[in-house]
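# Reading the structure
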Amino acid sequence: MIILLRLLHIVSGGLWVGMAVFTAFYLGPALDDAGPAAGSVMPALARRGLATILPALALVTVLSGGWLYWRVAGGDVGQYLASGPGAVFALSAAIAIVAYVLGLSVTRPAMMRVAGIMQAAAALPPDQRAAHLAEAAQWKARGAWAGRVGGVLLILALAGMAVARYV
């Protein structure tokens, strides 16, 4: 069971962190640089399930990590938490959970809102698009900020998980 939990936790966590960091620090800014030419990329990512796969990977990571923590602690979480590795794993897990909640409550809704606004704006006459595009820009900035914060938190969590057993 430990092997399966570690496999699930490490693979899903690696994909979650990698995709989130890539999206927040590389893909998003590159799309901003591309300007209007990037307009077809976001719907293509949505069709491929990016807004679904990231939260799913995060959930698998958190659940498998919690179960793994319980198994390694032998059911005595308090005693394990008092150890160096137990404390660092717990702190790293808490940081990752904050990133997960931030992604679900701020980043994902903001980006979904941007997609909806942009889709609606495309059907409007050019003279009516400006207000919609301004609103989309505000939501996009909010989502991008939360994505960057979440990315940094995930890097910190990953770093903690990588060294916890040696503390």
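Everything discussed here concerns the structure shown above.
Residues numbered from 1 in each chain as written. Predicted model: local features only at pLDDT ≥ 70, side-chain atom pairs only at ≥ 80, totals over all residues. Heavy atoms only, no water.

## Notes on the pattern of salt bridges
Tallying each qualifying case throughout the model produces two salt bridges. The closest approach of N and O atoms between Lys140 and Asp32, which form a salt bridge, is 2.4 Å. One end of the pair, Lys140, is in helix α6 (residues 126-163); the other, Asp32, is in helix α1 (residues 2-34), and 108 residues separate them in sequence. When its relative accessible area of 43% is taken as the criterion, Asp32 is described as partly exposed. (Salt bridge = Lys/Arg side-chain N within 4 Å of Asp/Glu carboxyl O. Helix = DSSP H or I, 4+ residues; strand = E, 2+ residues; numbered from the N terminus. Buried < 20%, exposed > 50% of the residue type's maximum accessible area, 1.4 Å probe, protein only.)

## Concerning helix α5 (residues 84-122)
Taking 1.5 Å of rise per residue, the 39 residues of α5 would be expected to cover 57 Å, and the 55 Å separating its terminal C-alpha atoms lies within 8% of that figure. Taken as a whole, α5 carries its principal kink of about 45° at Gly103. Structurally, the start of α5 carries an N-cap: the backbone nitrogen of Gly86 is 3.1 Å from a side-chain oxygen of Ser83. (Expected span 1.5 Å × (residues − 1). Bend = angle between axes of the 7 residues up to and from the residue. Polar contact = N/O pair within 3.5 Å; in protein donor to acceptor, adjacent residues only side chain to side chain.)

## As for a nonpolar patch on the surface
Residues Met1, Leu4, Leu7, Leu8, Val11, Leu15, Val60, Trp67 and Trp70 make up a contiguous nonpolar surface patch of about 860 Å² in total accessible area. Among the secondary structure elements, those contributing two or more residues to the nonpolar patch are α1 and α3 (50-72). If one sorts the elements of the nonpolar patch by residue count, α1 sits on top with five residues. Its place among the elements puts Met1 in the segment before α1. Met1 gets classed as partly exposed once you look at its relative accessible area, which sits at 46%. (Patch = residues over 30% accessible without salt bridge, like charges linked within 9 Å, V, L, I, M, F, W, Y side chains within 5 Å. Areas by Shrake-Rupley, 256 points an atom, 1.4 Å probe, with all protein chains shown as cover.)

## Quick word on the packing of aromatic side chains
Applying the stated criterion across every chain, the model contains three aromatic pairs. Centre to centre, the rings of Phe22 and Tyr26 are 6.3 Å apart; their planes meet at 20°, and the pair counts as stacked. Of this pair, Phe22 and Tyr26 both sit in helix α1, four residues apart, which is roughly one turn of the helix. With a relative accessible area of 46%, Phe22 lands in the partly exposed category. For Tyr26, a relative accessible area of 55% corresponds to the exposed category. (Phe/Tyr/Trp six-rings, centres within 6.5 Å; stacked < 30°, edge-to-face > 60°.)

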